[in-house]
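Observations on the three-dimensional arrangement
Each chain, letter by letter, is given below.
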Amino acid sequence: MDPFKELESFEEYLKIKSLYWNTEKNSFVWLDTRLLPFEEVYRETTDYRRVAKAIKDLEIRGAPAIGVSAAYGLALAALHSNARTVEDLLRDLEEADKTLRSTRPTAFNLFWALDRVMGVARKAAERGDPDRVRSEVLLEAARIHVEDVKSNIEIGRHGSKLIDNGDVILTHCNTGALATSGFGTALGVIRYAWYEGKKIKVITTETRPVLQGARLNVWELKKEGIPFTLITDGMPGIVFRNGMADMAIVGADRIILTGHTANKIGTYMVALAAHDNDKPFYVAAPTSTIQETLNPDDIVIEIRDPDEVRTVLGKCRLTLPDVEVYNPSFDVTPPRYITGIITEKGIAYQPYTKTLPALLKA
Ligand code: MRU
């Protein structure tokens, strides 16, 4: 089925259009998440370098959204290249791949999506027709897009079974429509449970330093009408201690076969707080986030600009301009604190070294 047509069949789940391909202009469009919740501004480009910049600067963020956007970035590179031979076109695509690959080092979906599209491009190139490569690249990007939407819905369906009427769910960072193709992973589970009519409540951290919780979760949850409370990143301990949350559900930038999960900085402390208070801690992510390695040292942690910590969103200074800062964007939660990993193929429980490979094969 034509993936663009297939995408239309999921409209009821895609109330928030975070990103899409404009088939008339062969351009890529995205909602600039840096400006939310105050302004809703869509950006549009035919230049893959602009997509790379948008990913680097967090206009587009969240591992699945990064992967889908990078795939469309390659489609832009293919469709707007002047190459007349497959050799020249592949050279242009490799240049674009290199640029897109260098944007964010932790989000595994980025490398997964680029590898997939480049694989298709190289295979199509064997036929010697550059226009064939162009159409195959766009088609593969659109397939990745529609698969992400479907995965999100399936993650929601599986994850919602873990949620009871009346539950209060703590989440960290934004994993909703704005972090994916339009539904969400951890926030997708919450959204699905809400659509099923469960009377749930959310507690979201603000998610320092760039406030994905305070800006993006607040915007999404308000749009859905899901009741929520905003807390600072230091508060999950007291929230669990006081029995104010029944579980935590977070997303992932990268999961390895041991179950070690890299996610937004502060996730590890949420897991510790849940564990110490006998509350379940779930990770929700598509299998495209899983790196097939057993070595936690293979997880690259992105270190970002110190000014993210010294200021509020580059505007208000919080401290002296020259203070030394450590700003890792992600931390790694060890598998012993993870109750289950919710994917589109089902929920994996410990021991992850057995259940995750089985899930990938399923
Ligand atoms: O730096 P960000 O905003 O890209 O970090 C996002 C996260 O940590 C998310 O939890 C993760 O990518 C999963 S998004 C569905």
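We now examine the packing of helix 7 (residues 186-195) against helix 8 (residues 212-224). Two elements in contact, helix 7 and helix 8, have axes separated by 12 Å at closest approach and are oriented at 10 degrees. Classified by the angle their axes make, helix 7 and helix 8 are roughly parallel. Of the two elements, helix 7 crosses helix 8, and the hand of that crossing is right-handed. Only Asn-217, Glu-220, Leu-221 and Glu-224 of helix 8 make contact with helix 7, whose side of the interface consists of Leu-187, Arg-191, Trp-194 and Tyr-195.

With that settled, consider the nonpolar core. Membership of the largest hydrophobic core comes to 55 residues, with the highest contact counts inside it found for Trp-21, Phe-28, Tyr-72, Leu-74, Leu-93, Val-133 and Val-137. Elements with a contribution of two residues or more to this core: helix 1 (3-8), strand 1 (19-22), strand 2 (27-31), helix 2 (48-56), helix 3 (63-79), helix 4 (86-101), helix 5 (108-125) and helix 6 (130-160). Excluding residues that lie within four positions of it along the chain, Val-133 makes contacts with Val-86, Leu-89, Leu-93, Ala-121, Ala-124 and Ala-125.

Split by domain assignment, the protein resolves into domain 1 (3-153) and domain 2 (162-361). Computed from C-alpha atoms alone, the centre-to-centre distance between domain 1 and domain 2 is 25 Å. On the domain 2 side, the residues contacting the 35 residues of domain 1 number 40 residues. Along the contact surface separating domain 1 from domain 2 lie three salt bridges.

Before going further, it helps to examine the sheet that holds strand 8 (residues 254-256). Whenever strands of a sheet pair, they do so through backbone hydrogen bonds, lying parallel or antiparallel. Taken in spatial order, the four strands of this open sheet run 11-8-9-14, and their pairing is mixed. Sheet topology places strand 11 (290-291) and strand 14 (330-333) at the edges, where each strand pairs with a single neighbour. Here strand 9 (residues 261-264) runs beside strand 14; their pairing, made up of four bridges, is antiparallel. Across the sheet, the residue bridging to Asn-263 is Asp-331, located in strand 14. Strands strand 9 and strand 14 of the sheet are contacted by helix 10 (residues 267-276), whose axis makes an angle of about 35 degrees with strand 14.

Throughout the structure, instances matching the rule amount to six aromatic pairs. Here Phe-28 and Trp-30 contribute two aromatic rings whose centre-to-centre distance is 5.7 Å and whose plane-to-plane angle is 25 degrees, an arrangement assigned as stacked. You can call Phe-28 buried: its relative accessible area is 0%. Between the aromatic rings of Phe-183 and Tyr-195, the centroid separation amounts to 6.1 Å while the plane-to-plane angle is 65 degrees, which identifies the pairing as edge-to-face. With Phe-183 in the loop between strand 4 (168-171) and helix 7 and Tyr-195 in helix 7, this pair connects stretches of sequence that are twelve residues apart. Classification of Phe-183 as buried rests on a relative accessible area of 1%. We classify Tyr-195 as partly exposed; its relative accessible area is 30%. The ring of Phe-330 has Lys-264 lying over it, and the distance from NZ or CZ to the ring centre is 4.3 Å.

Moving on to the sheet that holds strand 3 (residues 42-45). Sheet architecture is open: three strands sit in the order 1-2-3, paired in antiparallel fashion. The sheet terminates laterally at strand 1 and strand 3, the two strands that pair on one side only. The sheet shows a mean angle of 20 degrees between the axes of neighbouring strands, direction not considered.

Once that is clear, we can look at the environment of Asn-152. Looking at where Asn-152 falls in the secondary structure, it is placed in helix 6. You can call Asn-152 buried: its relative accessible area is 0%. Along the backbone, Asn-152 and Gly-182 are 30 residues apart, and their C-alpha atoms lie at a distance of 8.6 Å. If sequence neighbours within four positions are ignored, Asn-152 has contacts with Thr-180, Ser-181, Phe-183, Gly-184 and Thr-185. Engagement of the side chain of Asn-152 in a polar contact is seen with the side chain of Thr-180, the distance being 3.1 Å. A polar atom in the side chain of Asn-152 sits 2.8 Å from the backbone nitrogen of Gly-184.

Rules used throughout
Residues numbered from 1 in each chain as written. Predicted model: local features only at pLDDT ≥ 70, side-chain atom pairs only at ≥ 80, totals over all residues. Heavy atoms only, no water. Axes fitted to C-alpha atoms, helices over the stretch in contact; angles between N-to-C directions. Helix = DSSP H or I, 4+ residues; strand = E, 2+ residues; numbered from the N terminus. Parallel < 35°, antiparallel > 145°, perpendicular 65-115°, else oblique. Left-handed = near helix turned anticlockwise from the far one by under 90°. Contact = heavy atoms within 4.5 Å. Core = buried A, V, L, I, M, F, W, Y, C linked by side-chain atoms within 4.5 Å. Buried < 20%, exposed > 50% of the residue type's maximum accessible area, 1.4 Å probe, protein only. Domains from an automatic or database assignment. Salt bridge = Lys/Arg side-chain N within 4 Å of Asp/Glu carboxyl O. Pairing = 2+ DSSP bridges. Phe/Tyr/Trp six-rings, centres within 6.5 Å; stacked < 30°, edge-to-face > 60°. Lys NZ or Arg CZ within 6 Å of the ring centre and 35° of its normal. Polar contact = N/O pair within 3.5 Å; in protein donor to acceptor, adjacent residues only side chain to side chain.

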